[in-house]
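Descriptive structure summary
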Protein chains: 4
Amino acid sequence: MKKLNVGMIGYGFMGRTHSNAFRKVTNFFDVPLQPVLKTICARNEDRAKAFAAKWGYEGIETDWRKVVESPDIDVIDIASPNDTHREIAIAAAKAGKMVMCEKPLGRNAAESEEMVDAVEKAGVANTVWYNYRRVPAVTMAKQLIDEGRLGRIFHYRAKFLQDWTISTELPQGGEGLWRLDVNVAGSGVTGDLLAHCIDTAMWLNGGIEEVSAVTETFIKERKHNLSGKVEPVGIDDASLFLARFNNGSLATFEATRYARGHKALYTLEINGEHASIFWDLHDLHRLQYFDHKDEGKLRGWRSLHITDGDHPYMKNWWVPGLQIGYEHTFIHQVADFLQAAAGGKGVAPTFRDGLATDHVTDAVLESARTRAWTKVK
Amino acid sequence: MKKLNVGMIGYGFMGRTHSNAFRKVTNFFDVPLQPVLKTICARNEDRAKAFAAKWGYEGIETDWRKVVESPDIDVIDIASPNDTHREIAIAAAKAGKMVMCEKPLGRNAAESEEMVDAVEKAGVANTVWYNYRRVPAVTMAKQLIDEGRLGRIFHYRAKFLQDWTISTELPQGGEGLWRLDVNVAGSGVTGDLLAHCIDTAMWLNGGIEEVSAVTETFIKERKHNLSGKVEPVGIDDASLFLARFNNGSLATFEATRYARGHKALYTLEINGEHASIFWDLHDLHRLQYFDHKDEGKLRGWRSLHITDGDHPYMKNWWVPGLQIGYEHTFIHQVADFLQAAAGGKGVAPTFRDGLATDHVTDAVLESARTRAWTKVK
Amino acid sequence: MKKLNVGMIGYGFMGRTHSNAFRKVTNFFDVPLQPVLKTICARNEDRAKAFAAKWGYEGIETDWRKVVESPDIDVIDIASPNDTHREIAIAAAKAGKMVMCEKPLGRNAAESEEMVDAVEKAGVANTVWYNYRRVPAVTMAKQLIDEGRLGRIFHYRAKFLQDWTISTELPQGGEGLWRLDVNVAGSGVTGDLLAHCIDTAMWLNGGIEEVSAVTETFIKERKHNLSGKVEPVGIDDASLFLARFNNGSLATFEATRYARGHKALYTLEINGEHASIFWDLHDLHRLQYFDHKDEGKLRGWRSLHITDGDHPYMKNWWVPGLQIGYEHTFIHQVADFLQAAAGGKGVAPTFRDGLATDHVTDAVLESARTRAWTKVK
Amino acid sequence: MKKLNVGMIGYGFMGRTHSNAFRKVTNFFDVPLQPVLKTICARNEDRAKAFAAKWGYEGIETDWRKVVESPDIDVIDIASPNDTHREIAIAAAKAGKMVMCEKPLGRNAAESEEMVDAVEKAGVANTVWYNYRRVPAVTMAKQLIDEGRLGRIFHYRAKFLQDWTISTELPQGGEGLWRLDVNVAGSGVTGDLLAHCIDTAMWLNGGIEEVSAVTETFIKERKHNLSGKVEPVGIDDASLFLARFNNGSLATFEATRYARGHKALYTLEINGEHASIFWDLHDLHRLQYFDHKDEGKLRGWRSLHITDGDHPYMKNWWVPGLQIGYEHTFIHQVADFLQAAAGGKGVAPTFRDGLATDHVTDAVLESARTRAWTKVK
């Protein structure tokens, strides 16, 4: 089989999910390219070596530019903090590499726009790791909508609730905590959690026209791990907005890290004229489905256990009733990417899709600042 | 409207549920007879008076024979402890009264047989208060089975789990605790909880052919409230059995008061060739229904919220989505009884149905004693 | 026992829930006043008679003014459409009667303000039937919050989802459909459903400072039952808003009659620093509770089955594990009202509390109109 | 790191789960041995080659004896049908190899006894793949029991429900369907599904003293894939039993492939004096836990999401709230096995534990045959 040499930039949480996906995909999917874990890049050499040993990378680098320029590399996978995405992606595109980028694409739409320009001008396959599209139950939701089962859409609602930053003792910045440092992350939950909700929402329900948002930073100062000093917190801890989609439906969106009791509760619901769908990341194999066309007295929410061979991606795994988990969504994205990449193409969500999400998050942050309904660009 | 004068024997928990049912039924159901709370009978005069005041009974008695013999009374409702059922019911039948009797009918099938003989010989309308048949979701289950939606039945399983007698400090016998006194109750959970499961099961799935059972008394001695002394406990604390129904399906049944965490968890499930049904008393308005005839990828358990106008009994209550509770099952039984009684008939479960359940509980207790599969008479 | 003579205005859905509450309360609660169903008032004499027969009212009237002026009446209970509340309540107060009023208090805050003035000037006991405060699980939530278990509050979210008006064939106005007629109802789901959410929210979480709202009328024209002609629809079909409470917490609120699959799904959640609470009207006996102070590895949402004797109101009903339903919330309100009324007082939510809710719904509608954040008066 | 060379016998469903486990373990766990996928053995050479290519095995064999005898192999992993377990395991032990064997150990206890003798005489590390012990939530249940949180145990109940063999059209025997061929499988659901329930039960609750069982073959004849003829079905389609554990607790067990609507619903519950636990394979990350020592009014079933760093195995995976799936249980078993094997030891469940389960399944089948309570050897 033809090889696809991977240059991975970043070795953190996302470095692991991506590496695992490349390493497992051919055990489960028939794909036209065999990924090879060629190079892992980290600024710290010891960490790069340890990661390479753990995952079987053939080599290491400490300067991402060397990876980007290496003739041995086919695809650059960006799994480093948000503030590095733009520069690496543009360089990779210019070097003619395919590019896979962790979400959000840029720290804001301006950055993302440059990135889109770069990959489109270079004509390289690209994708953004909004992995939740490829939870089988979510992909199934998309199928049901595309089949027209819901009819006219009236409502959409999504939330992503966590509780891991409630303590005032938690510092900001540095290893493992860069998501609390606004300079690195670009924003707080808006880019981290809401962006996931928005990507799925626009995939399922089309574009968003305008938003009215509010954000809050509940804990105003935290010790900064880099300076060692107590500094103002620049990120948003919570971000909520009302939206009107282009199709006329109304929505509520909410993300927060201050919802005690929830670890990663991403839920979405869509209500149509004929049918409704509900999904929940904490119960990721279930799709709740209500169909008004069912016989009157037998109408009820169906709890679909999306583990059958005729459900998306599932014939590649085990047998009905047996679950897969979080990491498999990345494997699905790699499987789809390899299929497309063999023909020189990327897969959705592409950089252009990622930019669309960033336009919404920009509008959310602007609306929160101006306290006005804000059109999405 | 024609009146139906009620003579109530017993003022405890069941005296309340029955009185409430008689008092409310005409506010919600169009029935041909208007129940009148004529006489409440309790051995203790003060209690009888207090109960009469609370519920609006016109008069009281302390000797049930006077109520049975009174020409003012049309129906005798037996809500007193199990050891009184036989004598009162037979006397009432002989006096030509309709008879409604709390479950179980007798303390054993021998007692119940005499009671059936009495009401059938007298030709008086009769019923046993196995109220769970008239939870709307359970009645709905019966409808679905009668419509043939399940096909050949393979499995039935029921359990009734409580945890209120785990403490060794709890005494047995006397006011409020006669259910722990084997002489009064006849048996422990077998007659108290399993009897409910069996009544519903035979209604939904037909007769039971044979059983293999085990019972246990976890706490062997308790203070007896009447003697004031520590005495052996004669009741079964837990009762479990395997069964084969006449239709060839296999079943597990279990009742216990030692299942920590469960207050009144009566659940039942029936699995057929084409469809399955699950119900749970702690979520009494839901009927879980799985239909294999649904489109393949959309098969799932449907959570039917049995609150619509086309669901059993529900058009008489509020609006879709709004729940009724435990007490309403008794009102439904009264409503059905009044309808039938106007034509001189009783309603199922009749005394004969109650006897059928007692034949099963007798077989369960015998099987537990003999450690052998036992045919149900 | 001292009597409390009730004059009931209105015989619809709410006339039934209130009548049932007055009729049952003394069977279950020890209260200092015995309600007497004295007079039912309906414009249509036949309907008044039928209702009186069904519920046991001693007399009927077709002109509410006669009821208000009657020396036989102690309390006026207003269960008629929204456009009648103001006039009746003010007249009742002037006549020195206690007043109980269905929600919302007025069609808008201006009407409600006059009503508050009237009852406060007259010094008569009063209450508004926001019945969901007295679902035992909701009352329990209030207790937990008052005990300080949640700490600083970060988030509140509530929604009330229905799906009964999706059909374009459904007419507006007239018998049973006045909720779709803006002149009678004052607004659509804002006053009907959101008002419930707001009343509970302010009880649990204090006052609301400002809102940003959007409303929509999905079906723009419907046949009007009174004119017989197709007319523009004036009500809001859906109403969503973001809010900031006085305590700094952020909220989303949503109500709609276009959420396919939901009959009366009122849910609320509140997230505090230490603990969180979730409740759902479709599962009304459950209170979901998460307490961060639990031992680390054993932290989880607890599903509290609010049916025990030490849970609010429940010792008056059956035994642990056995459920009550929707109608019981009204009985609880009557029980509390009778207790207070014996001392000349009303109970919360009083007319003043009802006005506070109307200030919020007014702000919501204004914000939707102006597309701006709007302060609550 | 020291290598552990794996010789895998079998390339079916279990061949995949095991290969995946060996391949992934070092990416996530720090273990003292590095597994090497050395040889895959299948009778059909093409299939062996295809499997080797898919999973990265270095070589193939078509005769398991060659693998067993090869000096290159450290551990023999038996993932072939049940009728091959005995012979391969004994030969492997004699050859001094470590042995890992798919469950059930033998087709009956007699076979298993020989296998235990062989590995114990040879002193080789061994384990049986009862993988469900290592679902993090199940391992957590064991911890809670070992910590004494449940107190005296009263009840245990387990069931494993499937519905994949209901069609009369399904043949028996041959590729993928050997589980329906009694000669190959040894028994039907008793050895396939109940064995899982029994292994977990004895781990959590100790030995089983005696059982009363019933089995049924609902479809009596099926086409046999090997003979091409319709032949009697020898396996049990359903198997149910009552049990008494050595600790005095009572139990119901049930397994069936005729429970319409259930794909792989393995549930277990254990009720103790102080606390209860419930778990369900369809929701494998949740552990339901009820603790009577909680404050009275706040007692409820806690839904523990077993995804935190202080939960078993979970610190090796992702972050709190993100799920793993079915396949990970095998990875956990390999991780534990590698740890032990470095010191020359196997891990529970060992072959001796597997034999204990077979003694129970033998007793179940005997009890079903003799219709008598049967002691477990």
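To keep things clear, this report deals only with the structure shown in the data block. On a predicted model such as this, the values are computed, not experimentally measured, just so you know.

Right, let's get into the overall build of chain A. Along its length, chain A carries 10 helices and 17 strands. A compact globule built from 377 residues should have a C-alpha radius of gyration of about 21 Å, and chain A, at 21 Å, falls within 12% of that. In terms of overall dimensions, chain A has C-alpha extents of about 65 × 55 × 40 Å along its principal axes. Counting all 377 residues of chain A, 67% fall into the buried class.

What follows concerns the relation of the copies chain C and chain A. Mapping chain C onto chain A calls for a rotation angle of 180° and an axial translation of 0.0 Å; the resulting RMSD is 0.0 Å. The two molecules are tied by a two-fold rotation axis, judged by turn and shift. Relative to the rotation axis, the closest C-alpha in chain C is found at Ala372 of chain C, a distance of 3.1 Å.

This next bit is on the sheet that holds strand E3 (residues 59–61) of chain B. The strands making up a sheet associate through backbone hydrogen bonding, with each pair oriented either parallel or antiparallel. Residue and element names in this part refer to chain B. With parallel pairing, 6 strands are arranged side by side in an open sheet as E3-E2-E1-E4-E5-E6. This sheet does not close on itself; its edge strands, each paired only once, are E3 and strand E6 (126–128). Going across the sheet, the axis of each strand differs from the next one's by a mean of 25°, ignoring polarity. Relative to E3, strand E2 (residues 33–41) runs parallel, the two sharing 3 bridges. Opposite Thr39, over in E3, you have Gly59 as the bridge partner. Contacts from helix H1 (residues 13–28) reach strand E1 (2–9), E2, strand E4 (75–78) and strand E5 (98–101), with the element oriented near 150° to E2.

Between chain B and chain C, the contact holds 38 residues from the first and 38 residues from the second. Here chain B meets chain C over a buried area of about 3200 Å², counting both sides, of which 47% is carbon and sulfur. We note a salt bridge from Lys24 of chain C to Glu327 of chain B, for which the minimum N-O separation is 2.4 Å. There are 26 residue pairs in polar contact (both at pLDDT 80 or more) connecting chain B and chain C. Broken down by secondary-structure element, the contributors of at least two residues to the side of chain B that touches chain C are H1 and helix H2 (45–55) of chain B. Along the lines of polarity and charge, the residues of the side of chain B that touches chain C split into 15 nonpolar, 13 polar and 10 charged.

Below, the discussion takes up the interface of chain C and chain A. In this assembly, 42 residues from chain C lie in contact with 42 residues from chain A. For the pair chain C and chain A, the summed buried surface comes to about 3700 Å²; carbon and sulfur atoms form 56% of the total. Taken as a group, Phe218, Arg260 and Arg371 of chain C account for 19% of the area that chain C buries against chain A, more than any other trio of residues on that side. Taken together, the links from chain C to chain A amount to 6 salt bridges. In this structure, Glu216 of chain C engages Arg244 of chain A in a salt bridge whose closest nitrogen and oxygen atoms are separated by 2.8 Å. Taken together, the links from chain C to chain A amount to 23 residue pairs in polar contact (both at pLDDT 80 or more). Those elements that provide at least two residues to the side of chain C that touches chain A are strand E7 (153–161), strand E8 (208–216), strand E11 (238–245), strand E12 (250–256), strand E13 (265–272) and strand E14 (275–280) of chain C.

Structural alignment of chain B on chain C gives an RMSD of 0.0 Å, achieved by rotating through 180° and translating 0.0 Å along the axis. Same-surface contact between copies: 100% of interface residues of chain B are shared with the interface of chain C.

Our focus in this paragraph is the pairing of strand E4 (residues 75–78) of chain C. Looking down a regular strand, the side chains alternate between one sheet face and the other. Residue and element names in this part refer to chain C. With burial as the criterion, each face of E4 is covered, one bearing Val75 and Asp77 and the other bearing Ile76 and Ile78. The pairing of E4 with strand E5 (residues 98–101) spans 4 bridges and is classified as parallel. Looking at E5, one finds that Ile78 is bridged to Cys101. As a crossover connection, the stretch from E4 through helix H4 (residues 85–94) into E5 is right-handed.

With that settled, the discussion passes to helix H5 (residues 109–122) of chain B. Residue and element names in this part refer to chain B. The terminal C-alpha atoms of H5 lie 20 Å apart, and with 14 residues this matches the ideal 20 Å at 1.5 Å per residue to within 8%. Looking at H5, one finds that the buried residues are Ala109, Glu111, Ser112, Met115, Val116, Ala118 and Val119. Among the structural elements, helix H4 (85–94), E5, E6 and helix H10 (351–370) are those in contact with the buried residues of H5. Two or three places before Ala110, at the start of H5, stands the capping residue Asn108, its side-chain oxygen 3.2 Å from that residue's backbone nitrogen. Once H5 ends, the next one or two residues include Gly123, with phi positive near 65°.

What counts, and at which threshold
Residues numbered from 1 in each chain as written. Chains lettered and ligands numbered in written order. Predicted model: local features only at pLDDT ≥ 70, side-chain atom pairs only at ≥ 80, totals over all residues. Heavy atoms only, no water. Helix = DSSP H or I, 4+ residues; strand = E, 2+ residues; numbered from the N terminus. Rg over C-alpha atoms; globule rule 2.2 N^0.38 Å. Buried < 20%, exposed > 50% of the residue type's maximum accessible area, 1.4 Å probe, protein only. Least-squares fit on C-alpha atoms with pLDDT ≥ 70 in both. Pairing = 2+ DSSP bridges. Axes fitted to C-alpha atoms, helices over the stretch in contact; angles between N-to-C directions. Contact = heavy atoms within 4.5 Å. Buried area = accessible area lost by both parts, 1.4 Å probe. Salt bridge = Lys/Arg side-chain N within 4 Å of Asp/Glu carboxyl O. Polar contact = N/O pair within 3.5 Å; in protein donor to acceptor, adjacent residues only side chain to side chain. Nonpolar A, V, L, I, M, F, W, Y, C, P; charged D, E, K, R; others polar. Right-handed = clockwise from strand over helix to strand, strands pointing away. Expected span 1.5 Å × (residues − 1).

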